[in-house]
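# Structure at a glance
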Amino acid sequence: MERKKNAKKGENGQVLVIGGSEDNVGSLALAGLAALRAGCDVVTVASSEKIAWAVTRYTPDLQTFKIKGAALYTVKNAKEMVKLADRFDTILIGSGVTRKADKFCQYFIKKSQKPKIIDGEVLKALSFKDFNNAILTPTETELEIMLINSNKEFLLPKLKESSIKEKAEILQGNLRYFLQNDNILLIKGPTDIIISRNKIAYNRTGNQGMTKHGTGDVLAGLIAGFTAKSEDMFKSAVAASYINGFIGDQLLKSKKGYAFIASDIVEDLKRVQKIPSR
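A brief structural summary. The model shown is predicted, which means the values in this text are computed figures rather than measured ones. (Residues numbered from 1 in each chain as written. Predicted model: local features only at pLDDT ≥ 70, side-chain atom pairs only at ≥ 80, totals over all residues. Heavy atoms only, no water.)

## With respect to the side chain of Ser241
To keep things clear, this is the line we draw: We count a stretch as a helix when DSSP gives it H or I for four or more residues in a row; a strand needs E for two or more, and each element gets its number in order from the N terminus. It only takes one pair of heavy atoms within 4.5 Å for two residues to be counted as in contact.
With respect to the helices, strands and loops of the structure, Ser241 is situated in helix H10 (residues 233-254). Those residues in contact with Ser241, other than ones at most four positions away along the chain, are Leu186, Asp192, Ile194, Asn203, Thr205 and Leu219.

Shown next, in the form of structure tokens:
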């Protein structure tokens, strides 16, 4: 990874990770550490005071922004986060949230103009018309719900009967408004599909062991870190998908089975030397 000899802290990208819940603090830590391993300089986790302190206790490498008050996911707090986001290169929102955060996330996603990676449960509350300058990382189930939310449920029978290539082309053709609004779609599955306005890529690295909790958070964090450093959303999504799966495959061999966990992937990211650069 190339850096200027006189580079200062922050010049290689700064990421803001918004999310978490009392039942899921780990997703924030995994996503934030993955973003750092991707090569950006600074990752700040924004969540409630209680959750942010838990992240700090887990690792000193992540900075935190503590949202005050008993209620975390209010529209008032979302407005504060839109202002905070202006200080950062890339935003990751959704890691560890529950459906209680729907209105908070909806407001933030519609108002923030910064490059955004959106992951997790919040996708189920949104349609493809809600996004700008964003990378979405839905599972197959989340994709189906989003298509229904977007009044495109007529695509579901076609998609279920299609090959991977046909599926990608159907989505690219029927989500033109979404894709022309500087958005990227990364569908997670045995073969990841990455779709932009004029490009389609496929990633076949990865294995069944990556169904474990946290591997999707690592993927989202990698995308955020790569995007903050490279400013190329499509290449960042492709690179993150490949590297996340590649390390999972290496761990499958070294552990001689499916004993590896998401934090093992974060730990092994230090072995990867080349990532997209500005």
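Still to come is the rest of the account.
## Structural notes on helix H3 (residues 75-85)
This is how it is decided: Each residue gets one of three labels from its accessible area relative to the maximum for its type: buried under 20%, exposed over 50%, partly exposed in between, using a 1.4 Å probe on protein chains only. When we speak of the arc, we mean the arc of directions from the helix axis to the C-beta atoms.
By the burial criterion, the buried members of H3 are Asn77, Ala78, Met81, Val82, Leu84 and Ala85. Projected down its long axis, H3 carries its buried residues within an arc of 165°, all on one side. Seen from the buried face of H3, the exposed residues on the opposite side, beyond 90 degrees, are Lys76 and Lys83. Those residues of H3 that are buried are in contact with strand E1 (14-18), strand E2 (42-48), strand E3 (63-67), strand E4 (90-93) and helix H4 (102-111).

## A closer look at the environment of Gly39
Here Gly39 shows up in the loop between helix H1 (26-37) and E2. As a C-alpha pair, Gly39 and Val218 span 179 residues in sequence and 14 Å in three-dimensional space.

## Notes on the packing of H3 against H4
Put simply, the rule is: Working convention: axes come from line fits to C-alpha atoms, limited for helices to the stretch in contact. Angles between N-to-C directions cover 0 to 180 degrees. Here a crossing is called left-handed whenever its near helix is offset anticlockwise from the far helix by less than a right angle, and right-handed whenever the offset is clockwise. Throughout, the ten residues Ala, Val, Leu, Ile, Met, Phe, Trp, Tyr, Cys and Pro are labelled nonpolar, Asp, Glu, Lys and Arg are labelled charged, and all others, Gly among them, are labelled polar.
Running from N to C, H3 and H4 cross one another at 30°; their axes reach a closest spacing of 8 Å. At the point where H3 passes H4, the crossing takes the right-handed sense. In this structure, H3 uses Val75, Asn77, Ala78, Lys79, Met81, Val82 and Ala85 to contact H4, whose residues at the interface are Phe104, Tyr107, Phe108 and Lys111. Classifying every residue of the contact of H3 with H4 gives eight nonpolar, one polar and two charged.

## Quick look at H1
Worth spelling out the cut-off: A helix is expected to span 1.5 Å multiplied by its residue count minus one.
Taking 1.5 Å as the rise per residue, H1 with 12 residues should run 16 Å; its terminal C-alpha atoms sit 16 Å apart, in good agreement. Of all 12 residues that make up H1, nine are buried, and the element is covered over most of its length. Looking only at H1, the buried set comprises Ser27, Leu28, Ala29, Leu30, Ala31, Gly32, Leu33, Ala34 and Ala35. Where H1 ends, the next residue or the one after it, Gly39, has phi of about 115°, a positive value.

## Focus on the nonpolar core
We count it as follows: What makes a nonpolar core is a set of buried Ala, Val, Leu, Ile, Met, Phe, Trp, Tyr and Cys residues whose side-chain atoms join them at distances within 4.5 Å.
Residues Phe131, Leu136 and Leu185 are the most contacted members of the largest nonpolar core, which totals 88 residues. Once residues lying within four places of it in the same chain are set aside, the contact partners of Leu136 are Ile118, Leu123, Phe128, Phe131, Met146, Phe178, Ile184, Leu185 and Leu186.

## Considerations on the side chain of Asp264
Which entries qualify depends on this criterion: In this tally, Asp and Glu contribute negative charge and Lys and Arg positive charge; neither His nor the terminal groups of the chain are included. Salt bridge, as used here, is a side-chain nitrogen of Lys or Arg placed within 4 Å of a carboxyl oxygen of Asp or Glu.
The topology assignment puts Asp264 in helix H11 (residues 262-268). As a buried residue without a salt bridge, Asp264 has its nearest oppositely charged side chain in Lys255, at a separation of 4.4 Å. Not counting chain neighbours up to four residues away, the residues in contact with Asp264 comprise Leu251, Lys255 and Ala259.

## Some remarks on the packing of aromatic side chains
The cut-off we apply is this: Side-chain rings of Phe, Tyr and Trp (the six-membered ring for Trp) are treated as a pair once their centres are within 6.5 Å; stacked means planes under 30 degrees apart, edge-to-face means over 60, and tilted covers the remaining angles. Charge over a ring is defined by NZ of Lys or CZ of Arg lying within 6 Å of the ring centre and within 35 degrees of the ring normal.
For the structure shown, the criterion picks out four aromatic pairs. Ring plane angle 85° and centroid distance 6.1 Å describe the contact between Phe131 and Phe178, whose orientation is recorded as edge-to-face. One end of the pair, Phe131, is in the loop between strand E5 (116-118) and strand E6 (134-136); the other, Phe178, is in helix H8 (residues 176-180), with 47 residues separating them in the sequence. Judged by relative accessible area, Phe178 falls into the buried class, the value being 2%. In this arrangement the basic side chain of Lys66 is found over the ring face of Trp53, its NZ or CZ atom lying 4.4 Å from the centre. Over the face of the ring belonging to Phe260 we find Lys212, whose NZ or CZ atom lies 5.0 Å from the ring centre.

## Observations regarding the sheet that holds strand E9 (residues 200-203)
As a reminder of what qualifies: Note on pairing: DSSP must find at least two bridges between two strands before they are called paired.
Reading across the sheet, the nine strands line up as E3-E2-E1-E4-E5-E6-E7-E8-E9 and stay open at both edges, with mixed pairing between neighbours. A single partner strand is all that each edge strand has here, and the edge strands are E3 and E9. Across the sheet, the axes of successive neighbouring strands diverge by a mean angle of 15°, strand direction being ignored. Pairing analysis gives three bridges linking strand E7 (residues 184-187) to strand E8 (residues 192-195), with the strands arranged antiparallel. Residue pairing in the sheet places Ile187 in a bridge with Ile193 of E8.

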